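# A structural walkthrough
Here's the letter readout for the chains.
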2 protein chains.
Amino acid sequence: MEHRIERIKKQLHSQSYKLTPQREATVRVLLEREEDHLSAEDVYLLVKEKAPEIGLATVYRTLELLSELKIVDKINFGDGVSRYDLRKEGARHFHHHLVCTECGAVEEIVEDLLEDVEKIVENDWGFKVKDHRLTFHGVCKKCQEKELKASS
Amino acid sequence: MEHRIERIKKQLHSQSYKLTPQREATVRVLLEREEDHLSAEDVYLLVKEKAPEIGLATVYRTLELLSELKIVDKINFGDGVSRYDLRKEGARHFHHHLVCTECGAVEEIVEDLLEDVEKIVENDWGFKVKDHRLTFHGVCKKCQEKELKASS
DNA sequence: TAATAATTTATAATGATTTTAATTGACACT
DNA sequence: AGTGTCAATTAAAATCATTATAAATTATTA
């Protein structure tokens, strides 16, 4: 964890931003809850436990900044809130998501499944792909099993 | 166009909703501006030209309804607004988008490029895919050409 | 036609996010 | 240590998209 904080610190410095205590607290929350997809409000409440004086606006600004630097990705699953998701270290691309329409669970797919598709887009549409967002909506394994049991 | 209105009317009726004048005016705007990706506000302003008495809330409700019936898709490109996009007739899936980070233009890809990827997701993750959302961010053909000229 | 249900309107409310203005804090120079 | 500068933070207010509410209107059924 310290190693990743160090790296992020360097990334900030390289654009002449500083890793202030508030920013560090925010990053730590994101690292600890890496599997989750927290909203700004969620992050705010968690950061407050470490640094009670922090303001919501600062969290927003920090997340916005981290987003610009591609340290976190800002996602939107259609409910009214933006969610923030730490990029895997070294990942060039946004990872994919599976959203279950039954239980709301969100799984992540880290593998890049789109290499072939991107080639097609670049060749056929002349579009230089820099990043992508892919979300599947459907029914997760657990909910399928539940359905099976319920109908048997 | 009348044909598509008819079809949408039937789709509404099949769920015992009515095609009210306000709803029809809204659908007509969407049909006329099929290539665009209008926000609720955009739609509202355009519908107002046909039916000046309509209220913004009605447009929202109508778009929500059309969205539930999968007649339009609600998309979110990351700016704070939801946009509404008419589904191609008979399309089972959401279509894909290419968003240019230089000029903001949005192109559509109607072809389904994800059949193979969906198979992988279903097999390897046990996730039953119902729909998907895929957006590429990058540089469109026009902007690439502009860049080339500028650097020569 | 009377009663019922669905829809719309206008307005107000909500809730997420952003902006503002004032304050604080860190760092560089003297 | 003292001062100036500039980025960062806070708290509060403002903004913006969207949703809820209540009253009025329209369509539908009995």
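Note that the structure is predicted; figures quoted are calculated from it, not measured. (Residues numbered from 1 in each chain as written. Chains lettered and ligands numbered in written order. Predicted model: local features only at pLDDT ≥ 70, side-chain atom pairs only at ≥ 80, totals over all residues. Heavy atoms only, no water.)

Right, let's talk about the packing of helix α1 (residues 2-14) of chain A against helix α2 (residues 21-32) of chain A for a bit. Residues and elements named next belong to chain A. At a minimum axis distance of 11 Å, the contact between α1 and α2 shows a crossing angle of 130 degrees. For the element pair α1 / α2, the angle class is oblique. Crossing of α1 against α2: the hand is right-handed. Counted together, E2, R4, I5 and I8 of α1 and E24, V27, R28 and L31 of α2 form the full contact between these two elements. When the residues that make up the contact of α1 with α2 are grouped by side-chain class, the tally is four nonpolar, no polar and four charged. (Axes fitted to C-alpha atoms, helices over the stretch in contact; angles between N-to-C directions. Helix = DSSP H or I, 4+ residues; strand = E, 2+ residues; numbered from the N terminus. Parallel < 35°, antiparallel > 145°, perpendicular 65-115°, else oblique. Left-handed = near helix turned anticlockwise from the far one by under 90°. Contact = heavy atoms within 4.5 Å. Nonpolar A, V, L, I, M, F, W, Y, C, P; charged D, E, K, R; others polar.)

Glancing now at the protein's contact with DNA strand D. With respect to spatial proximity, 18 residues lie near DNA strand D, and among them T20(A), Q22(A), T58(A), R61(A) and Y60(B) are the closest. Atoms of DNA strand D within 4 Å of the protein: sugar and phosphate make up 79%, bases the balance. Interatomic distance of 2.5 Å between a side-chain N/O atom of T20(A) and a phosphate oxygen of DNA strand D. A distance of 3.2 Å separates a phosphate oxygen of DNA strand D from a polar side-chain atom of R23(A). Of all the elements in the fold, those that place two or more residues in the surface near DNA strand D are α2 and α4 (56-68) of chain A together with α4 (56-68) of chain B. By residue number, the principal contributor to the surface near DNA strand D is α4(B), which donates three residues. Class assignment for the residues of the surface near DNA strand D results in seven nonpolar, six polar and five charged. (Near = heavy atom within 4 Å. Polar contact = N/O pair within 3.5 Å; in protein donor to acceptor, adjacent residues only side chain to side chain.)

What follows covers unusual backbone geometry. Phi at S16(A) takes a positive value of approximately 50 degrees, unusual for a residue other than glycine. Among the secondary structure elements, S16(A) is positioned in the loop between α1 and α2. For S16(A), a relative accessible area of 65% puts it in the exposed group. Phi angles above zero are rare outside glycine, and K70(B) is one such case at about 60 degrees. Among the secondary structure elements, K70(B) is positioned in the loop between α4 and β2 (72-76). (Buried < 20%, exposed > 50% of the residue type's maximum accessible area, 1.4 Å probe, protein only.)

What follows deals with the UniProt feature "binding site: Zn(2+)" (unreviewed entry) in chain A. In the UniProt entry, the feature "binding site: Zn(2+)" (unreviewed entry) is given for C100(A), C103(A), C140(A) and C143(A). These residues run over 44 residues, yet every pair of their C-alpha atoms falls within 8.3 Å of each other. Its location among the elements puts C100(A) in strand β4 (residues 96-100). For C100(A), a relative accessible area of 3% translates into the label buried. Aside from chain neighbours lying at most four places away, what touches C100(A) is A105(A), G138(A), V139(A), C140(A), C143(A) and F127(B). (UniProt positions renumbered as here; feature names shortened; annotations may be inferred.)

This next bit is on the interface of chain B and chain A. Taken together, the contact between chain B and chain A spans 32 residues of the former and 32 residues of the latter. Carbon and sulfur atoms supply 70% of the area buried between chain B and chain A, which totals about 2800 Å² over both sides. Broken down residue by residue, the surface that chain B buries against chain A is led by W125(B), F127(B) and F136(B), which jointly contribute 26%. Applying the counting rule to chain B against chain A returns zero salt bridges. Looking at the side of chain B that touches chain A, the elements that each hand over two or more residues are β4 (96-100), β5 (106-109), α5 (115-125), β6 (128-139) and α6 (141-151) of chain B. The dominant element in the side of chain B that touches chain A, judged by the number of residues it contributes, is β6(B), at 12 residues. Its residues placed into classes, the side of chain B that touches chain A shows 16 nonpolar, seven polar and nine charged. As defined by bridge partners, strand β6 (residues 128-139) of chain A adjoins β6(B) across 11 bridges and the pair is classed as antiparallel. Bridging across to β6(B), V139(A) finds its partner in K128(B). (Buried area = accessible area lost by both parts, 1.4 Å probe. Salt bridge = Lys/Arg side-chain N within 4 Å of Asp/Glu carboxyl O. Pairing = 2+ DSSP bridges.)

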